[in-house]
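# Working through the structure, step by step
Below are the chains, spelled out letter by letter.
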Amino acid sequence: MKIVLLLANCSHNVLYQMQETIINVLTELELEIKPVHLETLPYFNGRTSLEMDNILRDISESKGVIALCNIHLIGMHSAMQTFFDYLSVYPDAIVGKSLLTITYSDLWGEGEAAYQISRGWKFLGGSDIGTIAFNSHSGVEEEISVLEKQMFTSNNTDMAEACCIDAAFVRSCVPKPLKKKGRKKNCLYTLTHR
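Scope of this entry: the structure provided in the associated data block. Each chain carries its own residue numbering, running from 1 in the written order of its sequence. Since the coordinates come from a predicted model, pLDDT governs what is reported: local features require at least 70, and pairs of side-chain atoms require 80 or more to be given and counted, while whole-chain, interface and lining totals use all residues. To get the side-chain values, take all heavy atoms of the structure and skip hydrogens and water.

So, on to the environment of phenylalanine 83. In DSSP terms, a helix is any run of H or I states spanning at least four residues, a strand is any run of E spanning at least two, and both are numbered starting from the N terminus. Position of phenylalanine 83 relative to the elements: it lies in helix α3 (residues 78-87). The classification of residues rests on relative accessible area computed with a 1.4 Å probe and restricted to protein chains. Under 20% of the type maximum is buried, over 50% is exposed, and intermediate values are partly exposed. Note on phenylalanine 83: relative accessible area 0%, which makes it buried. Residues phenylalanine 83 and methionine 52, 31 residues apart in the sequence, show an inter-C-alpha distance of 7.9 Å. By definition, residues are in contact when any of their heavy atoms lie within 4.5 Å. Not counting residues up to four positions away in its chain, the partners in contact with phenylalanine 83 are Leu6, Leu38, Leu41, Met52, Ile55, Ile59 and Trp121.

Right under this line is the structure:
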C-alpha cells in the first residue's frame, strides 16, 4: 500500500526531521511512501502539466495522502497553493482520498494554514482526517516525539484505516498521546480531528 507525502518548502532542519519521522513510522507499518516535492510544479497558468499528471497518478494509486507544509505567516506555502491551483483543473482527481495535514511555523498561523489546506482538500472532493500543527516555540525533540505518537494514535486511526491497517494493531504499537488541548503559551501541538 502506498501513501503520498506532499512536501511544501520542507528544507528547514525541523521539517526535514519531521519528514524522516513520517517515513520511518510508515515504513515500520510496512507502507510504501512516495515523497513529492511540490516545488517542482511549474507556475500555474490555468492548464494541466506533466508534473501534476505524475503527482495525480501517484495519488490515484495511493490509499491516502499526508501534506507536510512550512508556514511563514498564516497562509500555506506557495508550492502548496500551486498544487491546489492545479487541482482545480483536474475534476474528481482526489475524490475519496484521505488527507492528514501537518504544518510547522517559525512565527504564527500554523493552525490556520492547516485548516486552509484541509478545507481546500474537502472542497475538491477529498476526505479530511485531521490536522497536526507545530510551532517553533516548542523544542525540536518534543515536536518529533509528538509527531511519532500522533501519526497513528487511537485519536487518529482514520489514516490507518484509510490505509487498510488494522487500527487495534496500530494502537498497540504506538504510545498513548499527550493530553494537551487548546493553544497555550507552552503548548507543544494542536491536534484536531474532523
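Back to the text.
Cysteine sulfurs are considered disulfide-paired once they come within 2.5 Å of each other. One pass over the structure, following the stated rule, counts zero disulfides. The closest cysteine sulfur to the non-disulfide-bonded cysteine 10 is located on cysteine 69, 6.9 Å from its own sulfur. For cysteine 10, a relative accessible area of 10% translates into the label buried.

What follows is about the packing of aromatic side chains. Only Phe, Tyr and Trp rings are paired, with Trp represented by its six-membered ring, and only when their centres lie within 6.5 Å; those with planes under 30 degrees apart are stacked, over 60 edge-to-face, the remainder tilted. This model, assessed by the stated rule, comprises two aromatic pairs. Here phenylalanine 44 and tyrosine 86 contribute two aromatic rings whose centre-to-centre distance is 5.0 Å and whose plane-to-plane angle is 80°, an arrangement assigned as edge-to-face. With phenylalanine 44 in the loop between β2 (32-37) and α2 (50-60) and tyrosine 86 in helix α3, the pair connects residues that are 42 residues apart, well separated along the chain. Of the two residues examined, phenylalanine 44 and tyrosine 86, each falls in the buried class.

Moving on: the nonpolar core. Counting residues in hydrophobic clusters, the biggest one holds 28 residues, and the most contacted among them are Leu6, Leu38, Met52, Ile55, Met80 and Phe83. At the level of elements, β1 (2-8), α2, β3 (64-71), α3 and α4 (110-123) are the ones that each hand at least two residues to this core. Considering each element in turn, this core owes the most residues, six residues, to α3. Apart from residues lying up to four places away in sequence, isoleucine 55 is in contact with Leu6, Val36, Leu38, Leu41 and Phe83. For our purposes a nonpolar core is just a set of buried Ala, Val, Leu, Ile, Met, Phe, Trp, Tyr and Cys residues, chained together by side-chain atoms within 4.5 Å. Formed by 22 residues, the second largest nonpolar core is a distinct cluster that contains Ile3, Leu15, Ile66 and Ile129.

To estimate the expected span of a helix, subtract one from its residue number and multiply by 1.5 Å. With 14 residues, α4 extends 20 Å from end C-alpha to end C-alpha; this agrees with the ideal 20 Å at 1.5 Å per step. Within α4 the residues assigned to the buried category are Glu110, Ala113, Ala114, Ile117, Ser118, Gly120 and Trp121. Looking straight down α4, one finds its buried side chains confined to an arc of 155°; they lie on one side. Check the buried side of α4 and you find it contacts β3, α3, β4 (98-105) and β5 (127-135). Here the arc refers to the directions that run from the helix axis out to each C-beta atom.

Our focus in this paragraph is the packing of α2 against α3. One way to put it is that α2 packs onto α3 with a least axis distance of 11 Å and a crossing angle of 85°. It follows from the interaxial angle that α2 and α3 lie roughly perpendicular. Of the residues in α3, those touching α2 at Met52, Ile55, Leu56 and Ile59 are Phe83, Tyr86 and Leu87. Ten residue types, Ala, Val, Leu, Ile, Met, Phe, Trp, Tyr, Cys and Pro, are classed as nonpolar, four, Asp, Glu, Lys and Arg, as charged, and the remainder, Gly among them, as polar. In terms of residue class, the contact of α2 with α3 is made up of seven nonpolar, no polar and no charged. To get an axis, fit a line to the C-alpha atoms, keeping to the stretch in contact for a helix; angles then go from 0 to 180 degrees between the N-to-C directions. Any angle between 65 and 115 degrees counts as roughly perpendicular, while under 35 counts as roughly parallel, over 145 as roughly antiparallel, and the rest as oblique.

A word on the environment of tyrosine 86. A residue is classified by how much of its surface remains accessible, and tyrosine 86, at 1% relative accessible area, is buried. With 41 residues separating them along the chain, tyrosine 86 and asparagine 45 place their C-alpha atoms 8.8 Å apart. Not counting residues up to four positions away in its chain, the partners in contact with tyrosine 86 are Leu41, Pro42, Tyr43, Phe44, Arg47, Thr48, Ser49 and Met52. One polar contact links the side chain of tyrosine 86 to the main-chain carbonyl oxygen of proline 42, over a distance of 3.2 Å. Here a polar contact is recorded for every N or O atom pair within 3.5 Å, except that within protein the pair must consist of a potential hydrogen donor and a potential acceptor, and residues adjacent in sequence are included only if both atoms are side-chain atoms.

Excluding glycine, residues mostly carry a negative phi; peptide bonds, for their part, are mostly trans. Even without glycine at this site, asparagine 9 takes up a positive phi of about 60°. Among the structural elements, asparagine 9 can be located in the loop between β1 and α1 (13-28). Of note in the backbone geometry, glutamate 30 takes a positive phi value of approximately 60° without being a glycine. Note that glutamate 30 resides in the loop between α1 and β2. The exposure class assigned to glutamate 30 is exposed, which follows from its relative accessible area of 70%.

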